[in-house]
Amino acid sequence: MVATAADASQQAGQYHLRGVVELRESWKIGPVEVPTRLVLAPMAGVSVQAFRRQGRRYGAGLVCSEMVSCAGIEHRNEKTLGYLRVAADEHPLAIQLFGSDPRAMGDAARMVEAVGADIVDVNFGCPVRKVTRTGAGAHLLDEPESACRIVAAIAGSVDVPVTVKLRRGVRNGSRACLELGPKLVEAGASSLTLHPRSAEQMYTGTADHALTAELVSLVKVPVVASGDVTSRVRAQAVLAETGAEAVMVGRGAQGNPWALREIVDGHAGEPRREEVAAELVLFIREAVRELGERRASGFLKKFYGWYLGQGSFPKPFKQELLQLESTEEVERRLLAAAPGAIPLLEALEAEIPTGAEMTLELPISIYGGG
């Protein structure tokens, strides 16, 4: 699965000549077919089921859960188990795990497979201190043997593909990903996603996709390019320059699914106020269904500002929504501000799966029952 030096040189030359890449082309991670070359990133506090399902509607070929603690799964933490709910219309879906113990990660991966995920993704990229201090996330970029043991344990525990998301390294200028990437493939990874910033950089500076091209030349599995992909033009340039199979988009899609549509299909232009209101109300209803009114009310507040950056809403309108006490009040205010959203909302709700087509309850065995 790892390229020789001669293979790498030949492959790099081929990708240097790669022409315009069609974002609507399908590709595969192991046996899993991904219908477009756009992947919606796993983001903590964002990538709930409602966000993922919306991403699929707007053109993401693969969607990912936010990172899930293997320790939380092991201890059957109710909130953590909630992240394992899978809807009928979000396949293919990757559920991302983080942790530092190979046995616990393997056990958690079996649970992820059992709930219906198509892919188990492993987080070796999170730079946040509360994750790295546990020996997980980006910390493992400096611990290649431990990282490989984790991937091998997961790959040996499940039948679905195992993928890994990593950064270039812990420190600025690091090239650790080029040494670690091929080893992860040898350990059982079916695909790698590279965000070519260091953990120290967090989200500052720029993503160095020259590193992505180097990684592509070193492995014979699909590589997904993550970082600074904000438009169709940029996505096509990154794919052409690196030879990556797909691009990953994260922060640019927060409250802006239209960015995904522009990248995949080239449909440019700001959405109308009615479109924004309809999508936001649907998102609110889906989040409440998934999280309950109390959790959803706090969770949604950051989304109001993200959504209202589109649609020419007046600046004070966001503050007005934040002061309302219930999501029902927010809905009423949005539809009053954009009454043309009502038929759009009805059409959206008629198209999405409901009831028996949805999976909100987890198998009883997940909780330790029969």
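Below is a short write-up of the structure. From a predicted model like this one, the values you see are computed outputs, not experimental measurements.

1. A look at empty space enclosed by the protein
What the rule picks out here adds up to four cavities of 30 Å³ or more. Computed from the structure, the largest cavity encloses a volume of approximately 110 Å³. Sorting the residues of the lining of the largest cavity by element identifies β4 (62-64), β6 (93-98), β7 (119-124), β8 (162-169) and β9 (191-198) as the ones contributing at least two each. Each residue belonging to the lining of the largest cavity can be placed in one class, and the counts come to nine nonpolar, four polar and two charged.

2. Notes on the pairing of strand β11 (residues 246-249)
With burial as the criterion, each face of β11 is covered, one bearing A246 and M248 and the other bearing V247 and V249. With three bridges joining them, strand β3 (residues 38-40) and β11 adopt parallel strand pairing. Paired with L38 across the two strands is V247, which belongs to β11. Examined bridge by bridge, strand β10 (residues 223-226) and β11 share three bridges and lie parallel to one another.

3. Structural notes on the state of the cysteines
Under the counting rule described, the total for this entry stands at zero disulfides. C177 carries a free sulfur, and the closest cysteine sulfur to it, the one in C148, is 14 Å from it.

4. Points about a positive patch on the surface
Side chains of K79, R129, K130, R133 and R295 sit close together on the surface and give a patch of like positive charge. Position of R133 among the secondary structure elements: in the loop between α6 (129-132) and α7 (144-155).

5. So, unusual backbone geometry
The step from H91 to P92 runs through a cis peptide bond, and the omega angle for that step is 0 degrees. With respect to the helices and strands, P92 occurs in the loop between α4 (78-82) and β6. Within the chain, R76 stands out as a residue other than glycine whose phi angle is a positive 55 degrees. Within the secondary structure, R76 is located in the loop between α3 (70-74) and α4. On the basis of relative accessible area, R76 is assigned to the partly exposed category, the value being 34%. Of note, the phi angle at D228 is positive, near 65 degrees, even though the residue is not glycine.

6. Re the packing of helix α12 (residues 273-291) against helix α15 (residues 327-337)
Packing of α12 against α15 leaves a shortest axis separation of 9 Å and a crossing angle of 165 degrees. When the axes of α12 and α15 are compared, the pair comes out roughly antiparallel. In the crossing of α12 with α15, the sense of the turn from one axis to the other is left-handed. Contact with α12, carried on its side by R273, A277, L280, V281, I284, R285 and V288, involves T327, V330, E331, L334, L335 and A337 of α15 and no other residues of that element. Of the residues contributing to the contact of α12 with α15, the split by class is nine nonpolar, one polar and three charged.

7. A look at the nonpolar core
Counting 116 residues, the largest nonpolar core has F124, L166 and L184 as the members making the most contacts within it. In terms of residue count, α12 provides more of this core than any other element does, 10 residues in total. In this structure L166 touches F124, G125, L141, C177, L180, L184, L192, T193, L194 and H195, once residues within four positions along its chain are discounted. Formed by five residues, the second largest nonpolar core is a distinct cluster that contains M67, F98, C126 and V131.

8. What to know about the layout of surface pockets
Its boundaries defined by the atoms lining it, the largest pocket holds a volume of some 870 Å³. For the lining of the largest pocket, the leading source of residues is β8, giving three residues. By residue class, the composition of the lining of the largest pocket is 19 nonpolar, 13 polar and seven charged.

9. Remarks on the packing of aromatic side chains
A complete count under the given rule lists seven aromatic pairs for this structure. Centroid distance Y58 to W258: 6.1 Å. Interplanar angle 75 degrees. Geometry classified as edge-to-face. Here Y58, found in the loop between α2 (49-57) and β4, pairs with W258, found in helix α11 (residues 257-265); they are 200 residues apart in sequence, far enough to count as distant. On the accessibility criterion, Y58 (10% relative accessible area) is buried. Residue classification places W258 among the buried positions, given a relative accessible area of 3%. Their ring planes at 45 degrees and their centres at 5.0 Å tell us that F299 and F303 sit as a pair that is tilted.

Scoring rules and cut-offs
Residues numbered from 1 in each chain as written. Predicted model: local features only at pLDDT ≥ 70, side-chain atom pairs only at ≥ 80, totals over all residues. Heavy atoms only, no water. 1 Å grid on protein atoms, 1.4 Å probe; cavity = no way out; pocket = protein on both sides within 12 Å on 5 of 7 lines; lining within 4 Å. Points joined across faces, edges and corners; volume = space filled by probe spheres on them. Helix = DSSP H or I, 4+ residues; strand = E, 2+ residues; numbered from the N terminus. Nonpolar A, V, L, I, M, F, W, Y, C, P; charged D, E, K, R; others polar. Buried < 20%, exposed > 50% of the residue type's maximum accessible area, 1.4 Å probe, protein only. Pairing = 2+ DSSP bridges. Disulfide = S-S within 2.5 Å. Patch = residues over 30% accessible without salt bridge, like charges linked within 9 Å, V, L, I, M, F, W, Y side chains within 5 Å. Areas by Shrake-Rupley, 256 points an atom, 1.4 Å probe, with all protein chains shown as cover. Salt bridge = Lys/Arg side-chain N within 4 Å of Asp/Glu carboxyl O. Lys, Arg positive; Asp, Glu negative; His and termini not counted. Charge placed at Lys NZ, Arg CZ, Asp CG, Glu CD. Axes fitted to C-alpha atoms, helices over the stretch in contact; angles between N-to-C directions. Parallel < 35°, antiparallel > 145°, perpendicular 65-115°, else oblique. Left-handed = near helix turned anticlockwise from the far one by under 90°. Contact = heavy atoms within 4.5 Å. Core = buried A, V, L, I, M, F, W, Y, C linked by side-chain atoms within 4.5 Å. Phe/Tyr/Trp six-rings, centres within 6.5 Å; stacked < 30°, edge-to-face > 60°.

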